[in-house]
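Each chain, written out:
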Amino acid sequence: MPSSLPHSILEQRLRRAVGEVLPSANLDTVQVRPCPDPKHGDYQCTALIGLAKQARLNPRAFAQEVLAAYQRLQQSGGDASIEVGMVPEIAGPGFLNFRIDVRTSLLPAALAGADRLFCEPARPPRTVVVDFSSPNVAKPMHVGHIRSTTLGDCLQRAFRSLGHRVITDNHIGDWGTQFGKLLVGWRHGLDRAALEQDPIAELERLYRTENAAGEADPSRLEMARQELVKLQSGDPENLAVWKEMIRLSQVQFDAIYGRLGVTFDHTLGESFYNPQLPEVVADLMARGIARESEGAVAVFSDGSLPPKEDPFLVNRDGEWVPDPALIRKSDGGFNYMTTDLATLDHRIRTWAPDEIIYVVDDRQAPHFRKLFLTFARWKPEAAARTRLRHIGFGKILGDDGRPFRTRSGDTIRLAELLDEAVERSQRLVDEKRPELPDATRRQIAETVGVGAVKYQDLLPNRQSDYVFSWDKMLALTGNTSPYLQYQCTRAGKVVREGGPVDRTRLASAVPTEEAEIVLLKYLLNYGLTLESVVAECRPNYLCNYLYELAGHYSRFYEACPVLRAGEPVRTLRLALCDLTARVLQDGLRILGIGAPEVM
Ligand code: ARG
């Protein structure tokens, strides 16, 4: 189906024009994007400069020729189903800027695309695996997991929304040396009642107690080591206890995921890959990619990168020394890296993805660089077909600029954080809307509270650290989720009062007020915004888009009466309210945030 969105009609036509002038050009690079500064136009194409340079042409002269070809095509109009007036202009060294001519049939074109909210399905759709959240068994999910969970969930929703095939996999940490201590603790000091009350807290307590005991008494450490060996060699009793610990942890993870509205297609924890690990190591050794070193097995640099870019080297006192990736410990145990290699191999063989995204904090960046490089040496063909991306993120800080913790210095549990957010928003709702029924106020408080925590996390550039602030995140003004939710209810209310939009009336309506035009043009960019979110894995683009949209809507609503206007202006304005409400709601949905009907 041909597109009806102005920017895509423009892009198609521009590609044809470039093809006519320079048949050798790679037309995929010719992209039309919103103009960064609306003073210069609505859309912009910057690709011609690069193409001209490659072909050794003068960029401005080339742009002029392309523009002439573009105008010939525009006049003949035969290449697009809907005519959209575009006024082009050459700027700077050879950019093309375009301004939508609102007197032409912009509005019908825009509204024809409105059913899909100005989004075009990805062509071709890609298969994308998203690895996110991935907490560790027997440990509470803490604020550090909130970023992976909110970012990962938003990204998977954005990919799906554009028609990509998405597979989400929660790579939980359900294996490792900590289980030796946990098993000893379970045998000697388990408090059944506490376990029933709050399993993860009790498991955490067991681990701490055992850790301290091990430090005081080496025989206790030896006990833990033996329990671990028994577990690893398949001792049924230890396996049963270990499985129970996983089950109990999963129940608590699921409670939080339920509250956050997060689901996974698969939860294949680290232990799932245990049977593969000996083979992974043997194969890497046989291929000469890994070798023994001081009793352990490790992957070293292959010297193919300059030292500065080589993750297998570190600089110590001005000298580059090896920083290998360990894949087998000297006691025969396997490493995080070994499991990740097996996991990557499994994912590619099972799902044949075009892309795998790991949403994991930036401190693990060296791990992922080593993982991707090792995999490329191990399975070059599979690696060449699959784009591997570590989507890193920064820390959450407290007021003091240090990692966010409780007053006593403990890590803050995610469950408690959500409780507090909801309590705080409950107070606000109770104060502002006492007339609403209790159940409604409780629902609003949950949606607003949880949404505020998520939005605060999604709004900053993901690589920056941010300071956690209750007051900022729950404010009804400024770039916050309560503000967006509120604007969404406001726009929705107008539509409910004004009745459904009669589309037949729209054909004769042309926006004339500046505020109408600005809002309409901005709405058209929703799909492009999602495309850039997906391209760079940056949800903050969507947050900022929605915030700007809410601002344009407010200005429009102040300047242009809706329900009191005569036809066809009334219908046009009602359609703008309707589209704003739907785009805000959809955008919030992709951020993983609910939109209450009243607030
Ligand atoms: N469980 C790990 C942690 O909490 C994160 C796992 C991320 N995913 C992966 N494939 N390594 O640090």
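Look above for the structure.
Here's a quick rundown of the structure. This is a predicted model, so every value here is computed, not measured.

### A short note on the sheet that holds strand 8 (residues 296-299)
Where strands meet in a sheet, backbone hydrogen bonds hold them as pairs that are either parallel or antiparallel.
No. 1: The strand order 7-8-11 describes an open sheet built from three strands, whose pairing is antiparallel. Bordering the open sheet on either side are strand 7 (290-293) and strand 11 (325-328), each of which pairs with just one other strand. For this sheet, the mean inter-axis angle between neighbouring strands, taken without regard to orientation, is 40°.

### Considerations on the sheet that holds strand 4 (residues 95-100)
No. 1: The strand order 1-2-4-3 describes an open sheet built from four strands, whose pairing is antiparallel. Both edges of this open sheet fall to strand 1 (33-34) and strand 3 (86-91), since each of them pairs with a single strand only.
No. 2: In terms of strand pairing, strand 2 (residues 43-45) meets strand 4 through three bridges, oriented antiparallel. Looking at the pairing, C45 lines up with L96 of strand 4.

### Quick notes on the environment of R538
No. 1: With respect to the secondary-structure elements, R538 resides in the loop between helix 20 (526-536) and helix 21 (540-559).
No. 2: Judged by its relative accessible area of 15%, R538 is buried.
No. 3: A sequence separation of 80 residues divides R538 from L458, and the C-alpha atoms of the two residues are 8.4 Å apart.
No. 4: Setting aside residues up to four positions removed in sequence, R538 forms contacts with L155, N461, R462, Q463 and V533.

### Section: the pairing of strand 5 (residues 127-131)
No. 1: Burial within strand 5 is extensive, with five of its five residues counted as buried.
No. 2: With burial as the criterion, each face of strand 5 is covered, one bearing T127, V129 and D131 and the other bearing V128 and V130.
No. 3: Sheet analysis places strand 5 next to strand 6 (residues 165-169), joined by five bridges and oriented parallel. Looking across to strand 6, one finds that V130 is bridged to T168.

### Regarding helix 21
No. 1: For helix 21, built from 20 residues, the straight-helix expectation of 28 Å at 1.5 Å per residue is met to within 8% by its first-to-last C-alpha distance of 29 Å.
No. 2: Turning to helix 21, its buried residues are N540, L542, C543, Y545, L546, L549, A550, G551, H552, Y553, S554 and F556.
No. 3: Looking at the buried side of helix 21, the elements it contacts are helix 16 (438-458), helix 18 (481-498), helix 19 (514-523), helix 20 and helix 22 (569-591).

### A short note on the site of the ligand
No. 1: The full set of residues close to the ligand is D131, S134, N136, H145, H171, Y336, D340, Y358, V360, Q364 and F368.
No. 2: Within the side chain of D131, one N or O atom sits 2.8 Å away from a nitrogen atom of the ligand.
No. 3: N136 places a polar side-chain atom, nitrogen or oxygen, 2.8 Å from a nitrogen atom of the ligand.
No. 4: In the complex, the protein chains occlude 88% of the 350 Å² of accessible area that the ligand would expose alone.
No. 5: Its residues assigned to classes, the shell around the ligand comprises four nonpolar, five polar and two charged.

### Focus: unusual backbone geometry
No. 1: In this model, R123 is joined to P124 through a cis peptide bond whose omega is -10°.
No. 2: Residue P568 is reached from E567 by a cis peptide bond, and omega for that bond is 0°.
No. 3: With respect to the helices and strands, P568 occurs in the loop between helix 21 and helix 22.
No. 4: Not every positive phi belongs to a glycine, and F118 is a case in point at roughly 65°.
No. 5: On the basis of relative accessible area, F118 is assigned to the buried category, the value being 1%.

### A few points about the pairing of strand 6
No. 1: With four of five residues buried, strand 6 lies mostly within the body of the structure.
No. 2: Once the chain exits strand 5 it traverses helix 5 (residues 143-161) before rejoining the sheet at strand 6, and the crossover so formed is right-handed.

### A few points about the packing of aromatic side chains
No. 1: Summed over the entire model, instances satisfying the criterion amount to 16 aromatic pairs.
No. 2: Judged by centre distance (4.7 Å) and plane angle (35°), the rings of F132 and F264 are tilted. You can see F132 sitting in the loop between strand 5 and helix 5 and its partner F264 sitting in the loop between helix 10 (236-260) and helix 11 (277-286), a full 132 residues away along the chain. Judged on exposure class, the residue F132 and its partner F264 are both buried.
No. 3: Taken together, a centroid distance of 4.6 Å and an interplanar angle of 10° make the contact between Y522 and Y545 stacked. Linking Y522 in helix 19 with Y545 in helix 21, this pair joins segments that are 23 residues apart in sequence.
No. 4: Given the relative accessible area of 18%, Y522 is considered buried.
No. 5: Site record: aromatic cluster; members linked through ring pairs are F132, Y257 and F264.
No. 6: Over the ring of F300 we find R291, and its NZ or CZ is 3.9 Å from the ring centre.
No. 7: Here the guanidinium or amino end of K379 rests over the ring plane of W378, the centre of that ring lying 4.4 Å away.

### Focus: the nonpolar core
No. 1: Of all hydrophobic cores here, the largest spans 118 residues; its most connected members are L96, L417 and L591.
No. 2: When residues in this core are grouped by element, the largest group, ten residues, is from helix 22.
No. 3: Not counting chain neighbours up to four residues away, the residues in contact with L591 comprise C154, K454, Y455, L458, P539, L542, C543 and L546.
No. 4: Core analysis: the second largest hydrophobic core is formed by 32 residues, L341, A342, I348 and F375 among them.

### With respect to the pattern of salt bridges
No. 1: Following the criterion strictly, the structure yields 43 salt bridges and no others.
No. 2: With a shortest N-O distance of 3.4 Å, R15 and E11 are connected by a salt bridge. Taken together, the positions of R15 and E11, both in helix 1 (residues 6-21) and four residues apart, correspond to about one turn of that helix.
No. 3: Accessibility expressed as a relative area gives 22% for R15, which makes it partly exposed.
No. 4: For K395, the salt bridge goes to D465, with nearest N and O atoms at 3.6 Å. Here the residue K395 occupies a position in the loop between strand 13 (387-391) and strand 14 (396-397), and D465 occupies one in the loop between helix 16 and strand 15 (466-467), the gap between them amounting to 70 residues.
No. 5: Salt bridges sharing partners connect three or more residues here, namely E11, R15, R33 and E531.

### A look at helix 6 (residues 178-189)
An α-helix turns once per 3.6 residues; consequently, residues spaced three or four apart project the same way.
No. 1: Between its first and last C-alpha, helix 6 extends 16 Å over twelve residues, near the 16 Å set by a 1.5 Å rise per residue.
No. 2: Counting buried positions along helix 6 yields nine of twelve residues, so the element is predominantly enclosed.
No. 3: Taken together, the buried positions of helix 6 are occupied by Q178, F179, G180, K181, L182, L183, V184, G185 and W186.
No. 4: Where the residues of helix 6 are buried, they touch helix 7 (192-197), helix 8 (199-216), helix 9 (218-232) and helix 10.

Cut-off values and rules
Throughout this description, residue numbers start from 1 for each chain and increase along the sequence as written. The predicted nature of this model means local features are confined to residues of pLDDT at least 70 and side-chain atom pairs, given and counted, to a pLDDT of 80 or more, with totals for whole chains, interfaces and linings taken over all residues. Computation of side-chain values covers all heavy atoms of the structure but excludes hydrogens and water. Paired strands, as defined in this entry, are two strands with at least two bridges between them according to DSSP. Only DSSP runs of H or I with at least four residues qualify as helices, and only runs of E with at least two residues qualify as strands; both kinds are numbered from the N terminus onward. Here, axes are lines fitted to C-alpha atoms. For helices the fit covers the stretch in contact, and angles between N-to-C directions go from 0 to 180 degrees. A 1.4 Å probe rolled over the protein chains alone gives each residue an accessible area, and that area as a share of the maximum for its type sets the label: buried under 20%, exposed over 50%, partly exposed in between. Working rule for contacts: check all heavy atoms of both residues, and any pair within 4.5 Å makes them a contact. Helix span, expected: 1.5 Å multiplied by one less than the number of residues in the helix. Put simply, a residue is near a molecule or strand once any heavy atom of it comes within 4 Å of that molecule or strand. In protein, a polar contact means a hydrogen-donor-capable atom and an acceptor-capable atom, both N or O and within 3.5 Å, with residues adjacent in sequence counting only if both atoms are side-chain atoms; elsewhere, any N or O pair within 3.5 Å suffices. Note on areas: Shrake-Rupley, 1.4 Å probe, and residue coverage restricted to the protein chains presented here. Classes in brief: Ala, Val, Leu, Ile, Met, Phe, Trp, Tyr, Cys and Pro nonpolar; Asp, Glu, Lys and Arg charged; the others, Gly included, polar. When the strands point away from the viewer and the connection leading from the first strand across the helix to the second strand turns clockwise, the crossover is called right-handed. Two rings from Phe, Tyr or Trp (for Trp, the six-membered ring) form a pair when their centres are within 6.5 Å of each other. A pair whose planes differ by under 30 degrees is stacked, one over 60 is edge-to-face, and the rest are tilted. Whether a charge sits over a ring comes down to the Lys NZ or Arg CZ being within 6 Å of the ring centre and within 35 degrees of the ring normal. To form a nonpolar core, buried Ala, Val, Leu, Ile, Met, Phe, Trp, Tyr and Cys residues must be joined to one another through side-chain atoms within 4.5 Å. For this analysis, a salt bridge means a side-chain nitrogen from Lys or Arg found within 4 Å of a carboxyl oxygen belonging to Asp or Glu.

Fair warning: the whole summary comes from geometry, so function is off the table for now.
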